[in-house]
Amino acid sequence: MNLNSHRSPCCDSDEQRSTVNNTSNEYNKTDRDLMARVLSNHNIGAAWQHVKRNKGAAGIDNMSIEEFNDFAKLHWLGIKQQLLSGTYQPLPVKRVMIPKPDGGERMLGIPSVIDRVIQQAIAQVISPYFEPLFSPHSYGYRPHKRASQAVNHVQSCVKQGYKTAVDIDLSKFFDEVNHDMLMNRVGRKVKDKALMRLLGKYLRAGIAERETGLWFESTKGVPQGGPLSPLLSNILLDELDKKLTYKHLKFARYADDIIILVKTKSEGLIIQREITAFITQRLKLKVNESKSRVGPVSGSKFLGFTFRYAQVQIHEQALKKFKANVRELTNRNWGISMTLQIHKLTQYLRGWGNYYLIANAYQLTVDLDHWIRRRIRMCYWRQWRKPRTKVRSLMKLGVSERLAIACGITLSLIHI
């Protein structure tokens, strides 16, 4: 296996898109042997490069990205033979719980590195069979699609007068996916039986906790964290997209985050009932009725944004989470050097700022900048500790001796 090969544009090429469009309900003889394409040296090499770039934590086997290359040189041929013979058994995914902004927890399933490589290889081969058929208003985890495009689309709909939002909240979507329903939809395009059996094994691989040694059966759901999960979720929810398109509704979807836009509340209530019934009865998914709503778009939260006076603004929950993260990164008692602390803070601020760049929030960012600078000064003040150190440090920064002494003998700072 050539692990150093460069990734080919196999997921996005015009030739493949043309092939899929011209054979929407047919398949060639070669399509019966997709497994060979999945396991080709070129495809596996490209999958490895993708997984390596994304880095990520070790799976249940505790093997890191750095250790995988040596492992593959020794064991890949044997694993490939198992995959071809149908005897390969994926490892369970490692359960990791991460906090949610609303106070709950979201379960992530981290596959082993070898399973991430195989899943990525599968995704690269089967994605062109589905990608051209997805809705243009599905923006999550797709090539050349971004969250900002979804937000801009919603903003354009609001400007057209669609100011009532129907928010549909899918309850624990990735945990509730019906395996039979999903495999049926995948099987409409993927005709390779060996590949379908492997996909089924990945869905049923189970969930394990390394700390406790407990193993949990996975009879439903697509654990978040694997390369296949985004594609499989889009395949299942594409039927919802087509339903909304058929009804000529304005909508945007990013994975399981859905917003539908209408002009009146009465129309929105009718749409909510109909789409909720479709999701629960047709797709066998659960809708969180307490979090779903019909009302002014200004009260909606979509991808961390809201919309007021046709302007994109940062939602108050996203802002609250941001401040909590900054407080954690500027903790006076962290016990690391200020250089490292500021580096980590800068990384977070750059990523957050790039994501929320499209929001109309100039004054807010100015106020946040002042607040963050006060937090940083607080950290320096705490680190300098002794009055003599404070005076010397302030003078090095250009503060006059008189003012440095006046500030340096201050016993405490007001809590920020």
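An account of the accompanying structure is given in this report. As the structure is a computational prediction, the values presented were derived from the model and not from experiment. Starting from 1, residues in each chain are numbered consecutively following that chain's sequence as written. Whole-chain, interface and lining totals are the exception, using all residues; otherwise, since this is a predicted model, local features are given only for residues with pLDDT of at least 70 and side-chain atom pairs are given and counted only at 80 or more. Excluded from the side-chain calculation are hydrogens and water; included are all heavy atoms of the structure.

1. Thoughts on the overall build of the protein
Okay, so step 1: Helix and strand content of the protein: 16 helices and ten strands.
Okay, so step 2: Burial classification: accessible surface area is computed with a 1.4 Å probe over protein chains only, and a residue below 20% of its type maximum counts as buried, one above 50% as exposed, and the rest as partly exposed. Residue burial in the protein is summarised as follows: out of 416 residues, 46% are buried.
Okay, so step 3: Contact definition: two residues touch when any of their heavy atoms are within 4.5 Å. When contacts within the protein are restricted to residue pairs at least 6 apart in sequence, those whose partners lie at least 24 apart make up 73%.
Okay, so step 4: Looking at the protein as shown, the accessible area adds up to about 22600 Å², and 51% of this sits on carbon and sulfur atoms. The numbering of helices and of strands both runs from the N terminus, where a helix is a DSSP run of H or I of at least 4 residues and a strand a run of E of at least 2. Exposure was quantified through the Shrake-Rupley algorithm and a 1.4 Å probe, taking into account, for residues, occlusion by the shown protein chains and nothing else.

2. Quick look at the sheet that holds strand β7 (residues 257–262)
Okay, so step 1: Two strands qualify as a pair provided DSSP detects at least 2 bridges between them. In spatial order, the strands read β6-β7-β3-β8; together these four strands make up an open sheet with antiparallel pairing. Looking at which strands have only one partner, the edges of the open sheet turn out to be β6 (250–254) and β8 (293–296). Each neighbouring strand pair of the sheet contributes to a mean axis angle of 20 degrees, computed without reference to strand direction.
Okay, so step 2: Of the strand pairs in this sheet, strand β3 (residues 164–169) and β8 are connected by four bridges, and their pairing is antiparallel. In the strand pairing of β8, Asp167 is matched with Arg293.
Okay, so step 3: Along the sheet, helix α10 (residues 228–246) makes contact with β6 and β7, crossing β6 at roughly 170 degrees.
Okay, so step 4: Lines are fitted to the C-alpha atoms to define the axes, a helix being fitted only along its stretch in contact, and any angle between axes, read from their N-to-C directions, falls within 0 to 180 degrees. Sitting on the sheet, helix α11 (residues 265–282) touches β3, β7 and β8, and the angle it makes with β3 is about 20 degrees.

3. Brief notes about the sheet that holds strand β2 (residues 105–110)
Okay, so step 1: The strand order across the open sheet formed by four strands is β2-β1-β4-β5, and the pairing between neighbours is mixed. Each edge of the sheet is formed by a strand with only one pairing partner; in this case those strands are β2 and β5 (215–216).
Okay, so step 2: By the bridge criterion, six bridges tie strand β1 (residues 93–99) to β2 in an arrangement that is antiparallel. Residue Arg95 lies in a different strand from β2, and its bridge partner there is Gly109.

Function cannot be inferred from these measures alone, as they are strictly geometric.
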